[in-house]
Amino acid sequence: MNTVKIDIASQFARYPAGRYKTDGPYSGEVFRESFLIPQLKNPDTCIVVQLDGARGLASSFLEEAFGGLIRAGFNTQQLHGRLVLESKDASLIHEIEEYIGEQAESHH
Amino acid sequence: MTGADAAPWWVHGVTWLVVAAGWYTVHRATLSRERRREKRDAAKQLASDLHELEKSAREFHSAERHDEYAAAELSMRCDRLIKVVQRAPFDELKIAPSLMTSLRRAVTCHNIDRTAFSQQAANSEIQRNIRCAIDDLIDAIEEAKVRTWA
């Protein structure tokens with residue numbers, strides 16, 4: 001399996017903000033569509049998302065980027081082991097897992 | 001010849017050893033007490049910073065118009081405070097990540113972005129969630145502080 005590393009701060013934005021495209025160019029929706037989905041569409045790819053370095057990550061961004069993956073048609077089995085989150089801030093990883101779990105629950 | 005002069009040389013050595021050990025024990029205890037006081041002061045400052053964050057969040061969400069700069073500032077302050085809770089000395093308190101998650105969610109999940117913004121009344125769900133999340137986190141810090149740094 002190929003591993004692709006995505007560093008939000010250096011590859012996307014140091015200050016990501018907003019939920020939808022209409023909120024700005026560095027929104028959760030843009031991140032999901034430009035970085036996460038294209039990589040996850042390849043079943044042989046595992047993506048490692050580095051969250052450290054990005055400043056002021058808002059929940060609206062996180063929910064749309066990661067919770068939005070379930071709304072976009074992925075399920076938790078497809079994400080398990082293929083979406084790896086890295087951060088020194090344990091609460092960020094906990095929060096993203098919550099969004100994915102909540103969306104999976106409501107789409108069940 | 002006096003009695004002290006008659007004492008063997010090693011008695012003086014033992015006396016000095018006891019004095020040095022006593023000094024060291026008192027010094028260690030003072031240092032430890034001082035460190036605990038510094039940590040309690042840091043916790044007091046953190047609680048005050050969290051109250052400030054609550055005030056800024058209340059003002060932001062109850063404003064008539066969306067303020068892009070204030071939204072970014074609020075997200076960054078919230079992020080920074082959550083990081084502080086996880087760093088030394090607060091890492092010793094082992095605060096549950098769910099409390100930090102609740103805080104970030106309450107402040108920055110809804111009504112933070114331009115396209116979703118609407119003025120919030122003081123008793124709206126968003127305002128209530130912010131108050132509760134801040135209060136829960138401060139409460140957990142204070143409880144752990146008493147338990148760990150008493």
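Each remark here, short or long, concerns the structure printed above.
We now turn to the structure provided with this report.

1. Focus: the overall build of chain B
Here comes step 1: Looking only at helices and strands, chain B has 5 helices and 0 strands in total.
Here comes step 2: Listing each helix as α and each strand as β along chain B from the N terminus yields α-α-α-α-α.
Here comes step 3: The C-alpha radius of gyration of chain B comes to 26 Å, more than 25% above the 15 Å expected for a compact globule of 150 residues.
Here comes step 4: Dimensions along the principal axes, computed over C-alpha positions, put chain B at roughly 95 × 25 × 20 Å.

2. A closer look at the pairing of strand S3 (residues 83–86) of chain A
Residues and elements named next belong to chain A.
Here comes step 1: In S3, alternate side chains face the same way, and those of Leu83 and Leu85 are buried while those of Val84 and Glu86 on the opposite face are not.
Here comes step 2: Where strand S2 (residues 45–50) lies against S3, 4 bridges are found, and the strand directions are parallel. Considered in S3, the bridge of Val49 is made with Leu85.

3. Observations concerning the pattern of salt bridges
When the charged atoms of two side chains with opposite charge come close together, those side chains can pair.
Here comes step 1: Taken as a whole, this structure holds 19 salt bridges over all chains when the rule is applied.
Here comes step 2: Measuring nitrogen to oxygen at the nearest pair gives 3.2 Å for the salt bridge that ties Asp89 of chain A to Arg104 of chain B. Taken together, the residues span two chains, with Asp89 of chain A in the loop between S3 and helix H5 (90–107) and Arg104 of chain B in helix H4 (residues 97–108). Side by side, Asp89 of chain A and Arg104 of chain B carry an identical accessibility label, which is buried.
Here comes step 3: One salt bridge connects Glu92 of chain B with Lys39 of chain B, and the closest N-O pair in it is separated by 3.1 Å. A residue pair is termed long-range when its members are at least 10 positions apart, and Glu92 of chain B in the loop between helix H3 (68–86) and H4 and Lys39 of chain B in helix H2 (residues 9–61) qualify at 53 residues.
Here comes step 4: Beyond isolated ion pairs, a larger network of salt bridges with shared partners links Arg19, Lys21, Arg32, Glu33, Glu63, Glu64 and Arg71 of chain A.

4. Describing the environment of Ile70 of chain A
Residue and element names in this part refer to chain A.
Here comes step 1: With respect to the secondary-structure elements, Ile70 resides in helix H3 (residues 59–71).
Here comes step 2: By relative accessible area, which is 7% here, Ile70 ends up buried.
Here comes step 3: Sequence separation of Ile70 and Asn42 is 28 residues, and the distance between their C-alpha atoms is 16 Å.
Here comes step 4: Ile70 has contacts with Asn75, Thr76, Leu79, Ile100, Gln103, Ala104 and His107, leaving out every residue within four places of it along the chain.

5. Describing a nonpolar patch on the surface
Here comes step 1: Taken together, the side chains of Trp9, Trp10, Val11, Val14 and Val18 of chain B make up a nonpolar region of the molecular surface, amounting to roughly 560 Å² of accessible area.
Here comes step 2: Within the fold, Val11 of chain B resides in helix H2.

6. Considering the interface of chain A and chain B
Here comes step 1: Taken residue by residue, the interface counts 25 residues in chain A and 18 residues in chain B.
Here comes step 2: Interface area for chain A against chain B, summed over the two sides, is near 1700 Å², with a carbon-plus-sulfur share of 45%.
Here comes step 3: Taken together, the links from chain A to chain B amount to 4 salt bridges.
Here comes step 4: Of the charged contacts in the structure, one is a salt bridge between Glu102 of chain A and Arg105 of chain B, with a shortest N-O distance of 2.9 Å.
Here comes step 5: Going through the elements one at a time, H3 and H5 of chain A are the ones with two or more residues in the side of chain A that touches chain B.
Here comes step 6: Among the elements that make up the side of chain A that touches chain B, the one with the highest residue count is H5 of chain A (8 residues).

7. Concerning a negative patch on the surface
Residues and elements named next belong to chain B.
Here comes step 1: Negative charge collects at one region of the surface, where Asp135, Asp136, Asp139 and Glu142 lie side by side.
Here comes step 2: If you trace the backbone, Asp136 turns up in helix H5 (residues 125–149).
Here comes step 3: Accessibility expressed as a relative area gives 41% for Asp136, which makes it partly exposed.

8. Brief notes about the nonpolar core
Here comes step 1: Formed by 32 residues in total, the largest nonpolar core has its most connected members in Leu50, Ile95, Leu103 and Ile141 of chain B.
Here comes step 2: Mapped onto this core, the elements with two or more residues apiece are H2, H3, H4 and H5 of chain B.
Here comes step 3: Of all the elements, H5 of chain B adds the most residues to this core, at 10 residues.
Here comes step 4: Setting aside residues up to four positions removed in sequence, Ile95 of chain B forms contacts with Val85, Met100, Leu137, Ala140, Ile141 and Ala144 of chain B.
Here comes step 5: Membership of the second largest hydrophobic core comes to 31 residues, among which are Leu40, Leu83, Leu85 and Tyr99 of chain A.

9. Points about the packing of aromatic side chains
Here comes step 1: For the structure shown, the criterion picks out 9 aromatic pairs over all chains.
Here comes step 2: Ring geometry for Phe12 of chain A versus Phe31 of chain A: centroids 5.1 Å apart, planes at 55°, classification tilted. In this pair, Phe12 of chain A is assigned in helix H1 (residues 8–12) and Phe31 of chain A in helix H2 (residues 28–40), connecting sequence segments 19 residues apart.
Here comes step 3: What makes Phe31 of chain A buried here is its relative accessible area of 0%.
Here comes step 4: For the pair Phe60 of chain B and Phe117 of chain B, a centre-to-centre distance of 5.5 Å together with 65° between the ring planes defines the contact as edge-to-face. Within this pair, whereas Phe60 of chain B is found in helix H2, its partner Phe117 of chain B is found in the loop between H4 and H5, the two being separated by 57 residues in sequence. Neither residue differs from the other here; Phe60 of chain B and Phe117 of chain B are each classed as buried.
Here comes step 5: An aromatic cluster is built from Phe12, Tyr26, Phe31, Phe35, Phe61 and Phe66 of chain A, whose rings are joined through pairwise contacts.

Conventions and cut-offs
- Residues numbered from 1 in each chain as written.
- Chains lettered and ligands numbered in written order.
- Predicted model: local features only at pLDDT ≥ 70, side-chain atom pairs only at ≥ 80, totals over all residues.
- Heavy atoms only, no water.
- Helix = DSSP H or I, 4+ residues; strand = E, 2+ residues; numbered from the N terminus.
- Rg over C-alpha atoms; globule rule 2.2 N^0.38 Å.
- Buried < 20%, exposed > 50% of the residue type's maximum accessible area, 1.4 Å probe, protein only.
- Pairing = 2+ DSSP bridges.
- Salt bridge = Lys/Arg side-chain N within 4 Å of Asp/Glu carboxyl O.
- Contact = heavy atoms within 4.5 Å.
- Patch = residues over 30% accessible without salt bridge, like charges linked within 9 Å, V, L, I, M, F, W, Y side chains within 5 Å.
- Areas by Shrake-Rupley, 256 points an atom, 1.4 Å probe, with all protein chains shown as cover.
- Buried area = accessible area lost by both parts, 1.4 Å probe.
- Lys, Arg positive; Asp, Glu negative; His and termini not counted.
- Charge placed at Lys NZ, Arg CZ, Asp CG, Glu CD.
- Core = buried A, V, L, I, M, F, W, Y, C linked by side-chain atoms within 4.5 Å.
- Phe/Tyr/Trp six-rings, centres within 6.5 Å; stacked < 30°, edge-to-face > 60°.

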